[in-house]
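As a plain string of letters, each chain reads:
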Amino acid sequence: MFDMIMLGVQEVFKPYPLLFLYLGTVAGIIVGCLPGFTITMGVALVLPLTFGMTSMEGLAAMIGVMVGGLAGGQISGILIGIPGTPSSVATVFDGHPMAKKGEAGRALATGTWASFLGGLISTFVMLFFTPPLAAAALKFGPWEFFSLVFFGLTIIASLSGKSLTKGIVSGVFGLIAASVGADPMTGIPRFDFGFNHLAGGFAFLPVLVGLFAFSQLMSNLEGKSRAQEALIVGTKLTFSSLKVLKDIFRQPFNLLRSSLIGVFIGALPGAGASISNILAYDQAKKASRHPEKFGTGIIDGIIASESANNGTEGGALTPTMALGIPGGAVSAMMLGALLLHGIQPGPMLIIEYPHLVYGVIVALFIAHFFMLGTQLYGIKLFVRLTRLPIYVLVPSILVLCAVGSFAIFNRFFDIWVLLIFGTLGYLMSKFKFPLAPAILGVILGPIAEVNYRRALQTESDMTLFFTRPISLAFLVLAVLSLIYPFWQNYRQKKRQAKS
Amino acid sequence: MKQDKVIGIILVVFSAFMYYQAIHLPPPLFGDVGAAFVPKIWFSILGISGVSLIVTGFIRDRKNRASGRDEVAVAHFGERFKGFLIHYRFVLSGFIIFFLYIFLMKYIGYLYSTLLFMPAMMWVLGPKTGKSAAVAALTTLGVTGIIYWGFVKVLKVFLPTGSLF
């Protein structure tokens, strides 16, 4: 294996691959921290540029965007409460309250170090565990995928806050929004009411930006004179990396568990960082001795979310490189870059082009150091955003949201979708409906439906969901996940009664 | 808890309407599971949740009445409406101006609509001083220009040009 690693080192440690890797990382951080921009969009924009590069240079640039984007998503999430990418949704739960308490610097440093460590763990997992992990993911049929997604949906229970019913309504609202448009299996138009634009369904990005960004921006305008104040007052800009690292290493299990959740979710086709960060946050909360403090501004949640989202990189690239099966949209585009250069992805890739496969692993490793340096030294620049008064910040971000929503498909309709879902999101938060379950519904809804129907079309026997061991394991986990918040609530009440 | 009951009724009506729409989707070509199957499950859950909100709203009302904590209007409607307008005036203005921005963008394109939207929004939300006017002008030119340059020139992404031009 050492020889193979050295082959990868030789491939990456040349001026141009290193330059493109660094530029990709910087571009990724910028793309990641802009609400309305996705990492997939950033990588898609890099794809045409790879024409003029060698295959390793192109892959390095894309890896840079992926690593930078996954880490950069936390910046706007922590500073202004709007996640730059879906992969940092859970970071906002504790990161933004920390910023409001004047600890934006500490929150950003924690997130950056957690991203770095989570990414490194996933790189090592990719290096050492590629064959068994890919083999396990390959064994999954639609039964296992449905059960996995069902398990993911039960997280709604722990994201519901005070009212489980309102959490379910919010989750189902997301599921319904995702079911508008062409049926994913047959292409039959659903709930379009004869309106052409609805036949294509709602694009995920304006729905997400509307629910999370627009509604948040409007909430900031409430009150008599709030609009003339700064978004975050008294933010502490300084932080000590050593202290932050000590804090992170006080929670080794949280870091390791979350990173491995990221790796595992990343390895599953269709599932990615947008799921892993919420799942890791949920598991960290459940394993914590003080779950009631989650959401109030503690570093535990940031460590879980950020190490998990950067942990997905290694997981997503494992089946991509080992078997030619992408773990997500970003890795699918990397396969596209390989095809552009006449390289056929698949199990033979590691035999025919070992320098590329191990080059990708080395590039992934190096990109985390680039990301760490850029983001840590750039944090003070980003924190300056918080000093802007709301009346300057809100119109500027609204323009960005509108343009970002339009740019995905060049469809004007998507800006109206942004406004409609923004209004709904604002009303939901006013009537105390949690927004996070809606996002979960939008992400997981189509995956759940496709796999459920695929399973029943393959074999109409429903018992297969319970008789296939991996599927059963996920269903058992789902039941436990549903029961756990009730048990936790009971335990807390009992403890309060005692004290 | 009047709000929850009203929301519950809206959810029940909405889910019933959508369930009715789902029934009229084409039947599956093979097997039992077609395009309507999964959405029907979601609408059913939504309807049940709506009923749950109504029922819990009534139960809570009864408990409050029994304990003498019934919801009473603390102020005259006119006063409450005035308080609402004061608290939400920037939010309402924000929604209206953003709506007009999208509406105008379709006709006059990104550049002109943004050059109108940003100063208008900052004038409504911000202090009416010379300094803030200068900040608004600089921010408008900076943000409009940077986004245009970044998207159109660097990323080669189209922005709305407007149907009138």
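Predicted, not measured: the structure shown is a model, and the values here were computed from it.

Caption draft 1: Structural detail: the overall build of chain B. Across its full length, chain B holds four helices and zero strands. Along chain B, helices and strands appear, N-terminal first, in the series α-α-α-α. For 165 residues, the compact-globule estimate of 2.2 N^0.38 gives 15 Å, and chain B exceeds it by more than 25% at 25 Å. Seen through its principal axes, chain B has C-alpha atoms that stretch 60 × 60 × 25 Å. For chain B, the residues scored as buried account for 24% of the 165 residues in total. Summarising the internal contacts of chain B: among those between residues at least 6 apart in sequence, 62% fall at separations of at least 24.

Caption draft 2: Structural detail: the packing of helix α11 (residues 204-219) of chain A against helix α21 (residues 436-458) of chain A. All names here are of chain A. Taken N-terminus to C-terminus, the directions of α11 and α21 make an angle of 175°; their axes are 10 Å apart at the nearest point. Regarding the angle of α11 to α21, the classification is roughly antiparallel. Between α11, through F204, V207, L208, L211 and F212, and α21, the contact on the second element is made entirely by A438, I439 and V442. Here the contact of α11 with α21 is composed, by residue class, of eight nonpolar, no polar and no charged.

Caption draft 3: Structural view of the nonpolar core. Core analysis: the biggest nonpolar cluster contains 186 residues, and L21, M62, I63, V360, A363 and I439 of chain A have the highest contact counts within it. Each of domain 1 (2-66) and domain 2 (77-154) of chain B contributes no fewer than three residues to this core. Contacts of A363 of chain A, omitting those with residues within four sequence positions, involve V12, L21, L59, A60 and I63 of chain A.

Caption draft 4: Here's a closer look at the interface of chain A and chain B. Across the contact, 45 residues belong to chain A and 49 residues belong to chain B. Broken down by secondary-structure element, the contributors of at least two residues to the side of chain A that touches chain B are α9 (164-179), α19 (390-409), α20 (413-430) and α21 of chain A. Sorting elements by how many residues they give to the side of chain A that touches chain B places α19 of chain A first, with twelve residues. Partitioned by chemical class, the residues of the side of chain A that touches chain B number 29 nonpolar, ten polar and six charged.

Caption draft 5: Broad picture of the confidence of the model for chain B. Confidence in the prediction of chain B, expressed as mean pLDDT, is 87, and 93% of residues score 70 or more. The complex prediction reports pTM at 0.72, with the ipTM value standing at 0.91.

Caption draft 6: Focus on the domain arrangement of chain B. What the domain assignment reports for chain B is domain 1 (2-66) and domain 2 (77-154). Taken over C-alpha atoms, the centre of domain 1 of chain B sits 38 Å from the centre of domain 2 of chain B.

Caption draft 7: Representation of unusual backbone geometry in the model. Residue and element names in this part refer to chain A. Even without being glycine, F193 reaches a positive phi, approximately 50°. Among the structural elements, F193 can be located in the loop between β2 (189-190) and α10 (196-199). By the C-beta count within 10 Å, which is 9 here, F193 ends up exposed.

Caption draft 8: Inspection of helix α1 (residues 2-23) of chain B at higher detail. Under the 1.5 Å per step criterion, the end-to-end length of α1 of chain B is 32 Å for 22 residues, consistent within 8% with the ideal 32 Å. For α1 of chain B, every residue scored as buried is listed here: D4, I7, G8, L11, S15 and A22 of chain B. All buried residues of α1 of chain B fall inside an arc of 105° around its axis, so they share one side. Residues of α1 of chain B that are exposed and angled more than 90 degrees away from the buried face: K2, I10, V13, F17 and Y20 of chain B. Where α1 of chain B is buried, its residues contact α9 of chain A together with α2 (37-66) of chain B.

Criteria and cut-off values
- Residues numbered from 1 in each chain as written.
- Chains lettered and ligands numbered in written order.
- Predicted model: local features only at pLDDT ≥ 70, side-chain atom pairs only at ≥ 80, totals over all residues.
- Helix = DSSP H or I, 4+ residues; strand = E, 2+ residues; numbered from the N terminus.
- Rg over C-alpha atoms; globule rule 2.2 N^0.38 Å.
- Buried ≥ 20, exposed ≤ 12 C-beta atoms within 10 Å, placed from the backbone.
- Contact = placed C-beta atoms within 7 Å.
- Axes fitted to C-alpha atoms, helices over the stretch in contact; angles between N-to-C directions.
- Parallel < 35°, antiparallel > 145°, perpendicular 65-115°, else oblique.
- Nonpolar A, V, L, I, M, F, W, Y, C, P; charged D, E, K, R; others polar.
- Core = buried A, V, L, I, M, F, W, Y, C linked by C-beta atoms within 7 Å.
- Domains from an automatic or database assignment.
- pLDDT = per-residue confidence, 0-100.
- Expected span 1.5 Å × (residues − 1).
- Arc of directions from axis to C-beta.

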